[in-house]
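Breakdown of the fold
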Amino acid sequence: MKVVALLDQRRENWRELETLCTRFEGRRRSKVEAETSVHFAALYRGACADLALADAYHLPPNTVNYLHQLVGRAHNQLYRSQGFNVANWFDEIFDRLPRRLYRDGFLRLAFVLFWGFFLASMYLGYASNGFAESVVGEDELRSMEEMHVDSTQGRDMEAGLAMVGYYIWNNAGIGLWCFAFGLFFGVGGIFITISNAVGLGTVFGHMATLSTETDFFNFVTAHGPFELTGIVVMSGAGMRLGFSIVATGGYTRGESLRRAGRESFPTIILGTLLFFGAAVIEGLISPSTLPYWTKALVATASSALLVFYFVLLGQRPGD
Amino acid sequence: MAAENGDTIDTQFEIVTPENIAFQYRLAGPFQRLPAYIIDVLIQVVAVVAGYLGLLLFFGMLRVPFIGVGLGLVLYFAVSWFYTGLFEALWNGQTPGKRLMRLRTISADGQPIGPAQAILRNVLRMADCQPLYLYQVGLWVAACNRRYARLGDLVCGTMVVIEEPQYRSTALVVTEPEALRLAELIPANFRVPRDMALALSSYVLRRRALPWNRRVQIARHLAEPLRMRFGLPPQTSYDMLLCAMYHRVFFASTPGQQAAVTRPVASGEIAVALGVTPFAEGAEVNAPALASAPNVLPTSVGPPSERPAEVVVAS
């Protein structure tokens, strides 16, 4: 049979498959009727067969290219991955994720590193003369001192909301940055965790040495739990990702990395949510003139929430 | 499902489906992705600046401009971290830049990417663009693997492919009278082997992009032995001879019968198969006899000379 005759014969099928592809690409799968799906599958198999026989049929290269593209398109419609499912994600974040994190060695490592260096540099910043200046920098320290002279004297609602936006942009951005840097074989994650811990710890220690009263501790109490946990969670997720290249657990390096990537995604959602929560508290509650016990109450409540999430939800037996 | 590349060209990536068919994607390298990235960055800048000014104006009129500032920063955060990820999640692997440059992100197993993959690979862009947004990390990582995957692609198991321009399902038609005349001189009992048929169609598809002397140079290797074998005169054009062979293999239903030009029925048939490759559009398909719509019935087709010269794209 000559090619032209063959093309004539098959073209109807291809064209119909193309039309169906265009239709499916444009809308949700659930709206496609059963008969159409079955028909689509038949057309797809037909196109597959044509491609398989392209050589034997003497099909010219441009037609073969066309068939490659057509089969690829149809394949993507037929074997489509699952879309976004809210119920699944709720389960993921509140059921599977805490259990995974509870057993996550890298989260523990990030936790220990962060708090270890935080407390150590807090002590150094408090006890050692000149440590804070050399770590954070003189100017930076002075501007922080100034900022916190009256940082809890209240803001109006408008400025508070503006600051919420600022904290979301700045802090959640830093969190995502911590995560992305973990990818450098985990070493990047360790570096970022430690540098954050040292920076923050030193400022904490230094603020305690000041003779003049500042509002620093009053200011940081309320949002501290969410924000510091957010950093730890993000760094831990980044380290896990980075170390998965080295410690593959029997998988190939690429597969190990992909597995860690899949598992890390809900974690960065959790981390971002923690930063959002911290930003709202930091913008609206921390700078307010509310008495200190309310802020302590907020800190206690958010700590309790975190314990509930990471420990109580986490320690349930895994599946 | 992704197969090893084997002996294919290294910018093609082969996927084997459950139907045991292998189809190929063309991978996009770093320098095909760069223009798309630049377009996306420009769009992000414009979106943030315009959004910020709009918010300032709106909340300024409500006498609370600082809320506008705050929302503007949230917008900045969302756009700078999630613009590409959200677009790829919603537009099936494309951002505006990728759509303009005809690129698409897909899974390494050939499936469309999911929202988690889309967002994660773009959050990890922060690692790829180090140092200082010069993308050295991403570039070197991409150079070291077969899929041109940067770190974000490796983690998410994705790759960026080139969307083929719309190939047509039809074959290219030879219209040169010289070639058609030569086609009649080819002995009827000459059987064209399969690989020669492939070489012929590859040549005919590409010859229009080649200058005359290059055509002669390439065509000679096959055309010279054929000319000797058929006993054609030495001044026979190599180029035309290969076109004639192509015509014989793909079009002429019986040797010696000039189906394409003489009969209206055949001219309809040929026009279906018309000029429809990326190389062919508009070129050399202006023979009046071939200019009829694919589905025109033979009875409605007038004599060839009465119809205007036009290119019919059969789809």
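As a starting point, this report considers the structure included with it. The shown structure was predicted, so the numbers you read here are calculated from the model rather than taken from an experiment.

1. Overview of the packing of helix α5 (residues 105-127) of chain A against helix α11 (residues 224-243) of chain A
The relative placement of two packed helices comes down to the angle between their axes together with the axis-to-axis distance. Residue and element names in this part refer to chain A. Look at α5 against α11: their axes get within 8 Å of each other, and the N-to-C directions meet at 130°. What the angle tells us is that α5 and α11 run oblique. Handedness of the crossing formed by α5 with α11: right-handed. Residues F106, L107, L109, A110, F111, L113, F114 and W115 of α5 form the contact with α11, whose own contacting residues are L228, I231, V232, V233, S235, G236, M239, R240 and F243. Per-class residue counts for the contact of α5 with α11 are 14 nonpolar, two polar and one charged.

2. Here we look at the packing of aromatic side chains
A complete count under the given rule lists 26 aromatic pairs over all chains for this structure. Ring centres 5.2 Å apart and planes at 70° place the aromatic pair A:W115 and A:F118 in the edge-to-face group. Taken together, the residues A:W115 and A:F118, both in helix α5 and three residues apart, mark about one turn of the helix. An aromatic cluster of at least three residues, connected via ring pairs, comprises A:F111, A:F114, A:W115, A:F118, A:F204, A:F216 and A:F217. Cation over ring: B:R99 sits above B:W91, and NZ or CZ is 4.0 Å from the ring centre.

3. Concerning the interface of chain A and chain B
Between chain A and chain B, the residue contacts involve 61 residues of the former and 70 residues of the latter. For the chain A and chain B pair, buried surface summed over both sides reaches about 5500 Å², with 69% attributable to carbon and sulfur atoms. Taken together, the connections running from chain A to chain B amount to zero salt bridges. One can count one residue pair in polar contact (both at pLDDT 80 or more) joining chain A with chain B. Those elements that provide at least two residues to the side of chain A that touches chain B are α1 (3-25), α2 (34-52), α3 (61-78), α8 (157-181) and α12 (253-284) of chain A. Here the side of chain A that touches chain B takes 14 residues from α8(A), the largest share from any one element. In terms of residue class, the side of chain A that touches chain B is made up of 35 nonpolar, 15 polar and eleven charged.

4. Description of the pairing of strand β1 (residues 12-16) of chain B
Residue and element names in this part refer to chain B. Among the five residues that make up β1, four are buried, leaving the element largely enclosed by the rest of the structure. Pairing analysis gives five bridges linking β1 to strand β2 (residues 22-27), with the strands arranged antiparallel. Bridge pairing in β2 places E14 opposite Q24. Between the antiparallel neighbours β1 and β2 lie five residues, among them N20 with a positive phi of about 65°.

5. Things to note about unusual backbone geometry
Residue and element names in this part refer to chain B. A cis amide bond links Q130 with the next residue in sequence, P131, at an omega value of -15°. Secondary-structure assignment places P131 in the loop between α5 (125-128) and α6 (136-143). Even without being a glycine, R102 presents a positive backbone phi close to 60°. Within the secondary structure, R102 is located in the loop between α3 (96-100) and β3 (103-107). In this structure, Y135 is a non-glycine residue whose phi angle is positive, near 60°. Among the structural elements, Y135 can be located in the loop between α5 and α6. Judged by its relative accessible area of 17%, Y135 falls in the buried class.

Quick notes on the rules
- Residues numbered from 1 in each chain as written.
- Chains lettered and ligands numbered in written order.
- Predicted model: local features only at pLDDT ≥ 70, side-chain atom pairs only at ≥ 80, totals over all residues.
- Heavy atoms only, no water.
- Axes fitted to C-alpha atoms, helices over the stretch in contact; angles between N-to-C directions.
- Helix = DSSP H or I, 4+ residues; strand = E, 2+ residues; numbered from the N terminus.
- Parallel < 35°, antiparallel > 145°, perpendicular 65-115°, else oblique.
- Left-handed = near helix turned anticlockwise from the far one by under 90°.
- Contact = heavy atoms within 4.5 Å.
- Nonpolar A, V, L, I, M, F, W, Y, C, P; charged D, E, K, R; others polar.
- Phe/Tyr/Trp six-rings, centres within 6.5 Å; stacked < 30°, edge-to-face > 60°.
- Lys NZ or Arg CZ within 6 Å of the ring centre and 35° of its normal.
- Buried area = accessible area lost by both parts, 1.4 Å probe.
- Salt bridge = Lys/Arg side-chain N within 4 Å of Asp/Glu carboxyl O.
- Polar contact = N/O pair within 3.5 Å; in protein donor to acceptor, adjacent residues only side chain to side chain.
- Buried < 20%, exposed > 50% of the residue type's maximum accessible area, 1.4 Å probe, protein only.
- Pairing = 2+ DSSP bridges.

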